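# Chains, contacts and geometry: an overview
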Amino acid sequence: MENEKTVLITGATSGIGKALAHQFAANSYNLIIVGRHSDTLLKTKEELTSQYSIKIWNIEKDLAQDNAGQELYDEVKQSGHTVNVLVNDAGVGERGKFVDIPFTKYSEIIHLNILSLTHLTSLFLNDMVNRNEGKILQLGSIAGFQPGPLLAVYHASKAYVVSLSEALATELNDMNSDVTVTCLCPGPTDTNFFSKANMENTRVVKQKDKLMKEPKEVAEGAYKALMDGERLYIPGATNKIMTFIRRAIPKSMQANIQKQFYEQVEE
Ligand SMILES: NC(=O)c1ccc[n+]([C@@H]2O[C@H](COP(=O)([O-])OP(=O)(O)OC[C@H]3O[C@@H](n4cnc5c(N)ncnc54)[C@H](OP(=O)(O)O)[C@@H]3O)[C@@H](O)[C@H]2O)c1
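A brief structural summary. This one's a predicted model, so the numbers in the text were calculated from it and none came from an experiment. (Residues numbered from 1 in each chain as written. Predicted model: local features only at pLDDT ≥ 70, side-chain atom pairs only at ≥ 80, totals over all residues. Heavy atoms only, no water.)

Let us look at the state of the cysteines. Inspection of every chain in the model, using the stated rule, returns zero disulfides. Free of any disulfide, C183 has its nearest neighbouring cysteine sulfur in C185, separated by 3.8 Å. What makes C185 buried here is its relative accessible area of 0%. (Disulfide = S-S within 2.5 Å. Buried < 20%, exposed > 50% of the residue type's maximum accessible area, 1.4 Å probe, protein only.)

With that settled, the discussion passes to the site of the ligand. Near the ligand there are 33 residues, and of these T13, S14, D89, Y154 and T191 occur at the shortest range. At 3.1 Å from an oxygen atom of the ligand is found a main-chain nitrogen or oxygen belonging to G11. In terms of residue class, the shell around the ligand is made up of 13 nonpolar, 14 polar and six charged. (Near = heavy atom within 4 Å. Polar contact = N/O pair within 3.5 Å; in protein donor to acceptor, adjacent residues only side chain to side chain. Nonpolar A, V, L, I, M, F, W, Y, C, P; charged D, E, K, R; others polar.)

Now for helix α10 (residues 237–247). One turn of the α-helix equals 3.6 residues, which is why residues spaced by three or four share an orientation. If you check which residues of α10 are buried, you get N239, T243 and R246. Considered in projection along α10, the buried side chains sweep an arc of 70° and stay on one side of the axis. Away from its buried face by more than 90 degrees, α10 exposes A237, T238 and F244. (Helix = DSSP H or I, 4+ residues; strand = E, 2+ residues; numbered from the N terminus. Arc of directions from axis to C-beta.)

Let us look at the sheet that holds strand β7 (residues 232–233). In spatial order, the strands read β3-β2-β1-β4-β5-β6-β7; together these seven strands make up an open sheet with parallel pairing. The open sheet has two edge strands, β3 (56–60) and β7, and neither has a second partner. Alignment of strand β1 (residues 6–10) against strand β2 (residues 30–35), held across five bridges, turns out to be parallel. Bridge pairing in β2 links I9 to I33. Most of the contacts of helix α4 (residues 103–131) go to strand β4 (residues 85–88), to which it runs at about 170°, and overall it touches β1, β4 and β5 (135–139). Helix α5 (residues 152–174) rests against β5, β6 (180–184) and β7 of the sheet, and its axis sits at about 155° to β6. (Pairing = 2+ DSSP bridges. Contact = heavy atoms within 4.5 Å. Axes fitted to C-alpha atoms, helices over the stretch in contact; angles between N-to-C directions.)

Before going further, it helps to examine empty space enclosed by the protein. Counted under the stated rule, the structure contains one cavity of 30 Å³ or more. Approximately 40 Å³ is the volume found for the largest cavity. Forming the boundary of the largest cavity are T10, L63, N88, D89, A90, L112, S116, L117 and L120. Among the residues forming the lining of the largest cavity, the class breakdown is five nonpolar, three polar and one charged. (1 Å grid on protein atoms, 1.4 Å probe; cavity = no way out; pocket = protein on both sides within 12 Å on 5 of 7 lines; lining within 4 Å. Points joined across faces, edges and corners; volume = space filled by probe spheres on them.)

On to the layout of surface pockets, then. Size it by volume and the second largest pocket reaches roughly 160 Å³. As for the second largest pocket, its lining consists of T118, T121, S122, L125, N126, V129, L164, L168, E171, L172 and M175. Broken down by secondary-structure element, the contributors of at least two residues to the lining of the second largest pocket are α4 and α5. No other element matches the six residues that α4 contributes to the lining of the second largest pocket. Looking at the lining of the second largest pocket residue by residue, the classes come out as six nonpolar, four polar and one charged.

This part covers the environment of F244. Tracing the backbone through its elements, the reader meets F244 in helix α10. Sequence-wise, F244 and F124 are 120 residues apart; in three dimensions their C-alpha atoms are separated by 32 Å.

What follows deals with the pattern of salt bridges. Within the structure shown, the criterion is met by 14 salt bridges. K55 is paired through a salt bridge with E4; the nearest N and O atoms lie 3.0 Å apart. In this pair, K55 sits in the loop between α2 (38–49) and β3 while E4 sits in the segment before β1, placing the two residues 51 residues apart along the sequence. With a relative accessible area of 40%, K55 lands in the partly exposed category. When the shortest N-O distance is used, the salt bridge between R231 and E166 registers 3.8 Å. Of this pair, R231 sits in the loop between α9 (215–227) and β7 while E166 is found in helix α5, placing the two residues 65 residues apart along the sequence. For E166, a relative accessible area of 23% translates into the label partly exposed. Salt bridges sharing common partners tie together K5, R131 and E133. (Salt bridge = Lys/Arg side-chain N within 4 Å of Asp/Glu carboxyl O.)

Moving on to helix α11 (residues 251–262). For α11, with twelve residues, the first-to-last C-alpha span of 17 Å sits near the 16 Å given by 1.5 Å per residue. Within the sequence span of α11, burial applies to Q254, A255, Q258 and Y262. Viewed end-on, α11 has its buried residues packed into an arc of 95°, placing them on one side of the element. (Expected span 1.5 Å × (residues − 1).)

In structure tokens form, the structure reads like this:
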């Protein structure tokens, strides 16, 4: 149908990306869901199709590999889809001292969190600008506003995403384009991120009940912010206030405060 819309979501098989997939599906979007594993993609597709009357296409892609962004774009174009909304959700981190983590891990984080995100943004944004229609949701983080000792490369990657997104929002505004870019910057959210990032015994995880939001709540607010064309969306009053206060204090102090959340704590 002519007025059908399609959203492409990277990292749609888990956590915030999956919660976003539910939001878009509940709002009658067709979905292109992207992840590394065919089994989790299939499970996610089955879960969504059992609840919503929409079309879903799965694409298996490791976005930490060279040229994966181009390959994904080409596959989407070849199957004739128009992507009305791009959600760059897939992202990873790795806890530890910078000197203790091998460069291959940083390469993976930078490829996924920065290179593929930028490549997909570049390719799909061009199409959107040509149509003067479309929206992009970038997964930043409140980590993007401060240095993060023991999670240094992850924080730096999210600073890049926030900066890129804010700059693009201004460029699009200056062009009087109807296309918008929104940067979603969640605080700690209860997903598999922490176990995958070797963070299970850290303060942030141990204080889960106090600190963490549910992915559904984050996704609901993000969907609304995206539809309203907001530039930046930080879920929750505490995260907003903490980010505002932290921006006003010296970086060295910010780093010392942040480090405490990533230290190992006793059982
Ligand atoms: N959780 C938080 O506290 C938090 C806070 C702020 C921002 N964020 C950001 O939110 C985004 C989603 O994280 P999450 O917390 O929802 O984590 P998650 O539950 O671990 O989900 C990560 C998703 O990314 C996919 N993914 C990982 N590596 C990939 C790769 N190389 N290629 C393609 N897909 C890949 C995973 O699918 P497969 O493993 O099946 O490929 C999964 O669907 C990330 O960008 C993260 O930085 C999270």
